[in-house]
Amino acid sequence: MAKSVSIEAKACCTREKERLVEELRCCDYETTSIEERHECYRWAAKKSGQRAKKCLIT
């Protein structure tokens, strides 16, 4: 990983964190069982990780 991260990458990661928090909040409200919530969290984390990786690559 690079020693310094560009301002654009930092901003992108910040937006991604806010998006992840919102998706996790949706998981809390839209699921009815612990298993559904767990799967929703996993899906949100995986998608967020992919988007965050793109932030750092570009």
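None of these values were measured; they are calculated from a predicted model.

**Quick look at the pattern of salt bridges**
Part 1 of the reasoning: Applying the stated criterion across every chain yields a total of 5 salt bridges.
Part 2 of the reasoning: Across the salt bridge formed by E23 and R51, the nearest N and O atoms sit 3.2 Å from each other. In this pair, E23 sits in helix α1 (residues 7-30) while R51 sits in helix α2 (residues 34-57), placing the two residues 28 residues apart along the sequence.
Part 3 of the reasoning: Judged by relative accessible area, which is 18%, E23 ranks as buried.
Part 4 of the reasoning: Among the ionic pairs, R37 bridges to D28, the shortest N-O distance being 3.8 Å.
Part 5 of the reasoning: The exposure class assigned to R37 is partly exposed, which follows from its relative accessible area of 29%.
Part 6 of the reasoning: The exposure class of D28 is partly exposed, given its relative accessible area of 35%.
Part 7 of the reasoning: Connected through shared salt-bridge partners, E16, R19, E23 and R51 make up one network.

**With respect to a positive patch on the surface**
Part 1 of the reasoning: Taken together, the side chains of R42, K46, K47 and K54 present a region of like positive charge at the surface.
Part 2 of the reasoning: Its place among the elements puts R42 in helix α2.
Part 3 of the reasoning: The class of R42 is exposed, set by a relative accessible area of 52%.

**Some remarks on the state of the cysteines**
Part 1 of the reasoning: Scanning all chains against the criterion turns up 2 disulfides.
Part 2 of the reasoning: The disulfide that involves C27 links it to C40, with 1.9 Å between the sulfurs. Around the S-S axis, the bridge from C27 to C40 shows a dihedral of about -75 degrees and counts as left-handed. In this pair, C27 is assigned in helix α1 and C40 in helix α2, connecting sequence segments 13 residues apart.
Part 3 of the reasoning: Sequence-ordered numbering of the bonded cysteines in the protein chain gives a disulfide pattern of 1-4, 2-3.
Part 4 of the reasoning: Summary of cysteine pairing: C13 is not part of a disulfide, and the nearest cysteine sulfur, belonging to C55, is at 4.6 Å.
Part 5 of the reasoning: Of the residues examined, C13 reaches a relative accessible area of 27% and is grouped as partly exposed.
Part 6 of the reasoning: As a non-bridged cysteine, C26 has C27 as the owner of its nearest cysteine sulfur, 7.2 Å distant.

Conventions used here
Residues numbered from 1 in each chain as written. Predicted model: local features only at pLDDT ≥ 70, side-chain atom pairs only at ≥ 80, totals over all residues. Heavy atoms only, no water. Salt bridge = Lys/Arg side-chain N within 4 Å of Asp/Glu carboxyl O. Helix = DSSP H or I, 4+ residues; strand = E, 2+ residues; numbered from the N terminus. Buried < 20%, exposed > 50% of the residue type's maximum accessible area, 1.4 Å probe, protein only. Patch = residues over 30% accessible without salt bridge, like charges linked within 9 Å, V, L, I, M, F, W, Y side chains within 5 Å. Areas by Shrake-Rupley, 256 points an atom, 1.4 Å probe, with all protein chains shown as cover. Lys, Arg positive; Asp, Glu negative; His and termini not counted. Charge placed at Lys NZ, Arg CZ, Asp CG, Glu CD. Disulfide = S-S within 2.5 Å.

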